[in-house]
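As a plain string of letters, each chain reads:
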Amino acid sequence: MKVLVTGHKGYIGAHLVPLLKAKGYFVIGNDVDLFEGCEWEPLTPPDLEWKKDLRQITEEDLRGIDCVMHLAAISNDPMGDLNPQITYDINRDGSIQLAKLSKKAGVSRFLFSSSCSIYGKSDKPYMTESDPTIPLTAYAISKIETEKAVSAMADEHFSPAFLRNATAYGHSTMLRIDLVVNNLLACAVARGDIRIMSDGSPWRPLVHCKDIARAFVAFLEAPRAAIHNQIVNIGGNQENFQVRDVGNLVQKFVPTANIVYTGEVGADSRDYKVSFDYLNQLLPHFQLEYTLEKGMQELFFKYKEHGFSQHDFESDQFVRLRTLKKRLSRVENPI
Ligand SMILES: NC(=O)c1ccc[n+]([C@@H]2O[C@H](COP(=O)([O-])OP(=O)(O)OC[C@H]3O[C@@H](n4cnc5c(N)ncnc54)[C@H](O)[C@@H]3O)[C@@H](O)[C@H]2O)c1
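For the chain, the count of helices and strands is 13 helices and twelve strands. Compactness check: the chain gives a C-alpha radius of gyration of 19 Å against a globular reference of 20 Å for 335 residues, within 12% of the reference. In terms of its C-alpha atoms, the chain occupies a principal-axis envelope of roughly 55 × 45 × 40 Å. With 335 residues in all, the chain has 56% of them scored as buried. In the chain, the proportion of contacts linking residues at least 24 apart, taken out of those at least 6 apart, comes to 82%.

So, in structure tokens, the structure goes:
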């Protein structure tokens with residue numbers, strides 16, 4: 001069975017490729033390599049690699065592929081705010097075009113990497129898939145608009161599904177430290193303090209990046225009827241945390257680090273808790289491998305093993321926004 005993973009050189013894709021290969025799938029990876037040279041550890045190569053902008057993928061390319069796992073994107077809110085049009089072009093228009101071409105080419109499953117960011121800000125105890133969404137950023141709007149457009153393409157030969165992932169954390173060969181858990185732990189290890197930008201009260205659902213990759217594999221292997229045109233939150237009910245809880249847990253690993261609440265309130269005012277009951281109902285055999293504490297412990301040991309330094313913390317290598325800004329400043333064809 002042939003599986004195309006877009007964004008296979010990203011933080012989550014770097015877990016997905018080896019998981020799929022270990023199960024015997026023929027894996028094609030496509031990535032335009034926006035973060036070339038940012039690898040933390042060597043990546044597992046797919047069976048076949050394309051280096052294309054996803055907007056250049058053709059119907060011909062997609063013939064013979066059984067499942068497209070579409071992860072390639074401008075992958076967070078601050079990057080989306082930097083240049084909203086690029087986010088709409090790639091994340092929404094590029095994704096809708098890829099889904100259309102996949103359907104034409106006879107791809108039967110199209111798994112889209114959506115995000116719990118679309119819940120925005122909510123006082124509801126737990127957001128479910130059927131609740132109204134409040135996308136606060138270009139990134140979140142691009143995800144919800146793609147869900148709607150691709151959902152309308154579903155038919156008996158084409159089964160899209162939408163994985164609304166919680167905020168990822170944890171070790172990956174393609175590490176990012178612009179995600180809250182990885183950032184706070186990196187800050188403690190590298191600088192000796194835990195700098196929380198808010199007052200620590202916002203809620204976030206968190207999930208290990210490898211568990212997101214495992215969920216994609218579970219959606220590939222689930223009966224078609226179970227996942228056909230489903231929108232599903234990916235994470236665990238016990239894994240909703242306030243940012244201050246994350247800071248306190250970081251302090252367990254680095255007891256000498258003080259927690260500093262800087263109180264800067266940026267444009268990103270996301271604050272929501274999410275229910276993962278529907279995932280448990282649809283795929284009862286799928287269980288998360290990680291709790292926050294287990295994932296943090298693994299990453300803590302990795303930081304130590306690599307001698308993660310203040311220079312690493314301040315460099316561009318692990319911060320997508322900084323690398324992207326550099327590309328955008330280039331005169332011709334930044335992305
Ligand atoms: N990391 C998270 O917390 C999180 C949470 C929810 C959803 N998601 C979604 O999961 C997906 C993967 O996230 P990630 O953390 O691995 O992101 P990432 O930034 O690490 O990886 C994205 C990859 O996509 C590639 N890419 C970007 N634009 C492209 C284009 N036009 N053509 C081809 N390749 C392109 C990049 O080169 C990069 O390797 C994204 O769709 C993201 O929105 C991520």
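Past the structure itself, the notes keep going.
Side chains that are nonpolar tend, in soluble globular proteins, to be buried together. Membership of the largest hydrophobic core comes to 46 residues, with the highest contact counts inside it found for Leu16, Leu20, Met69 and Phe219. In terms of residue count, helix α7 (residues 209-221) provides more of this core than any other element does, nine residues in total. Setting aside anything within four residues of it in sequence, one finds Met69 in contact with Val3, Leu4, Val5, Thr6, Leu16, Leu20, Leu111, Phe216, Val217 and Leu220. Counting 33 residues, the second largest nonpolar core, distinct from the first, contains Leu175, Ile194, Val243 and Leu292.

What follows concerns the packing of helix α9 (residues 243-253) against helix α11 (residues 292-306). Between α9 and α11, whose axes approach to 11 Å, the crossing angle comes to 45°. Taken together, α9 and α11 sit at an angle that is classed as oblique. In this structure, α9 meets α11 at a crossing whose hand is right-handed. Across from Val246, Leu249, Val250, Lys252 and Phe253 in α9, the residues of α11 making contact are Leu292, Glu293, Met296, Gln297 and Phe300. Looking at side-chain class alone, the contact of α9 with α11 contains seven nonpolar, one polar and two charged residues.

All right, on to the sheet that holds strand β10 (residues 231-234) then. To summarise the sheet geometry, strands pair through backbone hydrogen bonds and adopt either a parallel or an antiparallel arrangement. An order of β3-β2-β1-β4-β5-β6-β10 is seen for the seven strands of this open sheet, with the pairing classed as parallel. Each edge of the sheet is formed by a strand with only one pairing partner; in this case those strands are β3 (48-50) and β10. When strand polarity is set aside, the average angle formed by the axes of neighbouring strands in this sheet is 20°. Of the pairings in the sheet, the one linking strand β1 (residues 2-6) to strand β4 (residues 67-70) comprises four bridges and is parallel in character. The residue of β4 that forms the bridge with Leu4 is Val68. Across the sheet, helix α4 (residues 84-105) is in contact with β1, β4 and β5 (109-115); its angle to β5 comes to roughly 165°.

Taking strand neighbours across the sheet as the criterion, the three strands line up as β7-β9-β11 in an open arrangement whose pairing is mixed. Where the open sheet ends on each side, the last strands, each with one partner, are β7 (167-169) and β11 (240-242). When the angles between neighbouring strand axes are averaged without regard to direction, this sheet yields 50°. Against the sheet, α7 engages β7 and β9 (203-208), with an angle of about 70° to β9.

The environment of the ligand is formed by 30 residues, the closest being Asp31, Leu71, Ser75, Tyr139 and Arg176. Contact distances for the ligand include 3.2 Å between a nitrogen atom and a side-chain N or O atom of Asp53. Considering the ligand on its own, with 830 Å² of exposed area, one finds that the protein chains cover 98% of that surface. Put simply, the parts of the chain that give the shell around the ligand at least two residues each are β5, α5 (138-151) and β7.

For the rest of this paragraph, the subject is the packing of aromatic side chains. On inspection of all chains with the given rule, the structure shows nine aromatic pairs. Centre to centre, the rings of Trp40 and Phe318 are 6.1 Å apart; their planes meet at 80°, and the pair counts as edge-to-face. In this pair, Trp40 is assigned in the loop between β2 (26-30) and β3 and Phe318 in the loop between α12 (310-314) and α13 (320-328), connecting sequence segments 278 residues apart. Here the two residues Trp40 and Phe318 agree in accessibility, since each one is buried. Taking the centre distance of 4.7 Å and the plane angle of 50° together, the rings of Tyr303 and Phe308 count as tilted. Phe308 matches Tyr303 in its accessibility class, with the two residues each being buried.

Conventions used here
- Residues numbered from 1 in each chain as written.
- Predicted model: local features only at pLDDT ≥ 70, side-chain atom pairs only at ≥ 80, totals over all residues.
- Heavy atoms only, no water.
- Helix = DSSP H or I, 4+ residues; strand = E, 2+ residues; numbered from the N terminus.
- Rg over C-alpha atoms; globule rule 2.2 N^0.38 Å.
- Buried < 20%, exposed > 50% of the residue type's maximum accessible area, 1.4 Å probe, protein only.
- Contact = heavy atoms within 4.5 Å.
- Core = buried A, V, L, I, M, F, W, Y, C linked by side-chain atoms within 4.5 Å.
- Axes fitted to C-alpha atoms, helices over the stretch in contact; angles between N-to-C directions.
- Parallel < 35°, antiparallel > 145°, perpendicular 65-115°, else oblique.
- Left-handed = near helix turned anticlockwise from the far one by under 90°.
- Nonpolar A, V, L, I, M, F, W, Y, C, P; charged D, E, K, R; others polar.
- Pairing = 2+ DSSP bridges.
- Near = heavy atom within 4 Å.
- Polar contact = N/O pair within 3.5 Å; in protein donor to acceptor, adjacent residues only side chain to side chain.
- Areas by Shrake-Rupley, 256 points an atom, 1.4 Å probe, with all protein chains shown as cover.
- Phe/Tyr/Trp six-rings, centres within 6.5 Å; stacked < 30°, edge-to-face > 60°.

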